[in-house]
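So the chains spell out like this:
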Amino acid sequence: MGKNEKTSLGRALVKHHNHAIQETKEKGKHYQNKKVLESVTEVSDIDAIIEQAEEAERLFHHDESATPVPINMDAGSSSSGVTAKEWKEQRMREEALHATSLQVPRRPPWTPKMNVEQLDANEKRAFLTWRRKLASLEENEKLVLTPFEKNLDIWRQLWRVLERSDLIVMVVDARDPLFYRCPDLEAYAREIDEHKETMLLVNKADLLPPHVREKWAEYFTRNNILFVFWSAKAATATLEGKPLKEQWTAPETSQKTDDPAVKVYGRDELLDRLKFEAQEIVKMRKARVETSHGERVVVGFVGYPNVGKSSTINALVGQKRTGVTSTPGKTKHFQTLIISEELMLCDCPGLVFPSFSSSRYDMIACGVLPIDRMTEHREAVKVVAERVPRDVIEQVYNISLPKPKSYESRLRPPLASEVLRTYCLSRGYVAASGLPDETRAARQILKDYIEGKLPHFAMPPEEESETDKTGDGSQSEVNEEARGGLGLGQVLEDLSSFDLANGIGYSKKKQVESHKQLKKTQRKN
């Protein structure tokens, strides 16, 4: 072999080696650019602008007639000269006016003849249109839109579950069912198939007293809502033969009632009920068209993050098949689980639906948004302090909260700063700066609130309005009695205590000393 042949062979090997390295780099770039499926509920304004611009640019190649994305860079300022009560009334009117605009994104029409690129382009175009509608609502300064799911791939999981399921089970928290309910999702299920039904699975129902469950059962029945009371944690503990924690009492009280709608279902009872409801839907559909998936019925589970969907699936299956954690968004993809030859369950990732009814701190307190991403901990703890009575907080944590001042209402809830500082003092939570570690205390209090250690519950709307009216009346009566019984001395004492509390007054001792000092100076002169 000559010298030239050796040189050419060496160049060929080097060229082949470089080509292999280049292919490896390209594959690495491909995998790096591949998006990981994760929930996205909050983005900054600049992120939203860039995302909309990128989506519009991608869709422009598929549809040259696409209209440009309207971007409003003006930051709306709140109107001045309006009282808080008038602002609340205007906000309620605007929310009622735009209630129909808060819809779940619909999957665009498709046919089996479409290829993957066409389906992807149509879905992205429809999703971008949906995002534009919500962006226009956010420009209205009288509306406050809560964080919602902004990842298209998560919504695609919901579309698949809705299309495959005969019965849709919406898992909600029993302590505030209407907060976790999405009426538009029920309407969307009916749009896909008029025979589809939606059932509310009221999880954590063992945390409610029997009389509260009776009120909610009356409300659901009056509004023609299909519902079942259930406790995934109690069912799991019963299945494993483990005792429940103190805050999770066994639902034995519900068995004493004569009304079967109020009782908390067990595992076997719930499986029988789900199979029965789904089979009834299939029978109604068979009367018109034949089903495509045989005799096995499919039950899909949907809902907000951290409401207990995965725990419910594991309890019904009898073993751990889905990951469970207190952090929202553990389930990433939908999955099907065969229970028997007649029943199959379908689990969907948790979704945060758009809403007007709550603030970001309400969603953190309810466990919808992660606690670890909390930036303003006092605002989230304020929600807890307003919902849990003062004596309950003191009893659960064995602490003594500061009493209201004499010039404050006796019925006011404790402040978030009072709860946090008292909790830090009792537990010894101190930050590196030497100040109370309120962030650590806030995380623990919120976790106790979500897990049920701090008992709380909401009443149905009619009952809540009546209690609000009676509450306002009793509060006004107390104020009137207090005003009638106050004399001039009491009023002056309240004013002086207010001045002292705010550091703008002097005590009687200091006033006397200053008077004596003034007399001494006069005698010298």
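Sequence order as written defines the numbering, with residues in each chain counted from 1. Per-residue local features are limited, in this predicted model, to residues with pLDDT of at least 70; the limit for side-chain atom pairs, both in listing and counting, is 80 or more; totals at the level of whole chains, interfaces and linings are taken over all residues. No hydrogens and no water enter the side-chain calculation; it runs on all heavy atoms of the structure.

- Taking an unreviewed UniProt entry as the reference, the chain is identified by name as CP-type G domain-containing protein belonging to Eruca vesicaria subsp. sativa.
- UniProt positions are given in the numbering used here, feature names are shortened, and annotations may be inferred rather than shown by experiment. Under the UniProt heading Subcellular location (unreviewed entry), the note attached to the chain is "Cytoplasm".

**What about the overall build of the chain?**
Logical step 1: Comment: elements are numbered from the N terminus, with helices defined as DSSP H or I runs of at least four residues and strands as E runs of at least two. Helices and strands together make up the secondary structure of the chain, namely 19 helices and 7 strands.
Logical step 2: When a residue's accessible area, from a 1.4 Å probe over protein chains only, is under 20% of the maximum for its type it is buried; when over 50% it is exposed; and in between it is partly exposed. The buried share of the chain, reckoned over its 525 residues, is 38%.
Logical step 3: Put simply, of all contacts in the chain between residues at least 6 apart along the chain, 72% involve residues at least 24 apart.
Logical step 4: As displayed, the chain has an accessible area near 31,600 Å², and 51% of this comes from carbon and sulfur atoms. Contact between two residues is taken to exist if any of their heavy atoms lie within 4.5 Å; hydrogens are not considered. For the accessible areas, the method is Shrake-Rupley and the probe is 1.4 Å, while residue cover comes only from the protein chains on display.

**Notes on the side chain of aspartate 362**
Logical step 1: Structurally, aspartate 362 is set in helix α12 (residues 360–365).
Logical step 2: The class for aspartate 362 is buried, based on a relative accessible area of 16%.
Logical step 3: When neighbours within four sequence positions are excluded, aspartate 362 is seen to be in contact with Phe179, Val383 and Arg387.

**Description of the environment of serine 400**
Logical step 1: If you trace the backbone, serine 400 turns up in the loop between α14 (390–397) and α15 (416–427).
Logical step 2: For the pair serine 400 and valine 419, spaced 19 residues apart in sequence, the C-alpha to C-alpha distance is 9.3 Å.
Logical step 3: Setting aside chain neighbours within four positions, we find serine 400 in contact with Glu394 and Thr422.

**Let's talk about the packing of aromatic side chains**
Logical step 1: Stacked, tilted and edge-to-face are the three classes assigned to paired rings of Phe, Tyr and Trp, where Trp is represented by its six-membered ring and a pair needs centres within 6.5 Å; plane angles under 30 degrees give stacked, over 60 edge-to-face, the rest tilted. For the structure on display, the rule yields 15 aromatic pairs.
Logical step 2: Centroid distance phenylalanine 127 to tryptophan 130: 5.3 Å. Interplanar angle 40 degrees. Geometry classified as tilted. In this pair, phenylalanine 127 and tryptophan 130 both sit in helix α4 (residues 116–138), 3 residues apart, roughly one turn of the helix. The same class applies to phenylalanine 127 as to tryptophan 130, namely buried.
Logical step 3: These aromatic residues form a ring-pair network of at least three members: Phe127, Trp130, Phe148, Trp155, Phe179, Tyr180, Tyr304 and Phe353.
Logical step 4: Note that lysine 263 overlies the ring of tyrosine 265, its terminal NZ or CZ placed 5.4 Å from the centroid.
Logical step 5: The ring of tyrosine 429 is capped by arginine 440, whose NZ or CZ atom sits 3.9 Å from the centre of that ring. Look at NZ for Lys and CZ for Arg. If either is within 6 Å of the ring centre and within 35 degrees of the ring normal, a charge sits over the ring.

**Section: the pairing of strand β3 (residues 226–230)**
For a regular strand, the rule is simple: side chains alternate between the two faces of the sheet.
Logical step 1: Of all 5 residues that make up β3, 4 are buried, and the element is covered over most of its length.
Logical step 2: Across 4 bridges, the pairing between strand β2 (residues 197–203) and β3 is parallel. When the sheet's bridge partners are listed, leucine 201 is paired in β3 with valine 228.
Logical step 3: Read as a crossover between parallel neighbours, the route from β2 over helix α8 (residues 210–222) to β3 is right-handed.
Logical step 4: When DSSP finds two or more bridges between a pair of strands, those strands are recorded as paired. With 2 bridges connecting them, β3 and strand β4 (residues 264–265) associate as parallel partners. Of the residues in β4, the one forming a bridge with tryptophan 230 is tyrosine 265. The handedness rule is simple: strands pointing away from the viewer, and a clockwise path from the first strand over the helix to the second, make the crossover right-handed.

**Thoughts on unusual backbone geometry**
Logical step 1: Phi at lysine 204 takes a positive value of approximately 60 degrees, unusual for a residue other than glycine.
Logical step 2: One non-glycine residue, asparagine 224, adopts positive backbone phi at about 55 degrees.
Logical step 3: With respect to the helices and strands, the residue asparagine 224 is situated in the loop between α8 and β3.
Logical step 4: Residue asparagine 224 is classed as exposed on the basis of its relative accessible area of 73%.

**Some thoughts on the pattern of salt bridges**
Logical step 1: Put simply, a salt bridge is a Lys or Arg side-chain nitrogen that is within 4 Å of an Asp or Glu carboxyl oxygen. Scanning all chains against the criterion turns up 25 salt bridges.
Logical step 2: In this structure, the salt-bridge partner of glutamate 123 is arginine 107, at a minimum N-O distance of 3.3 Å. Note that glutamate 123 is positioned in helix α4 and arginine 107 in the loop between α3 (84–97) and α4, a separation of 16 residues in sequence.
Logical step 3: Close ionic contact of aspartate 120 with lysine 124 constitutes a salt bridge, the shortest N to O distance being 3.3 Å. Of the two residues, aspartate 120 and lysine 124 both sit in helix α4, 4 residues apart, roughly one turn of that helix.
Logical step 4: Under the relative-accessibility criterion, aspartate 120 is labelled partly exposed at 27%.
Logical step 5: Taken together, the shared-partner salt bridges connect Arg107, Asp120, Glu123, Lys124, Asp153, Arg156 and Glu163 into one network.

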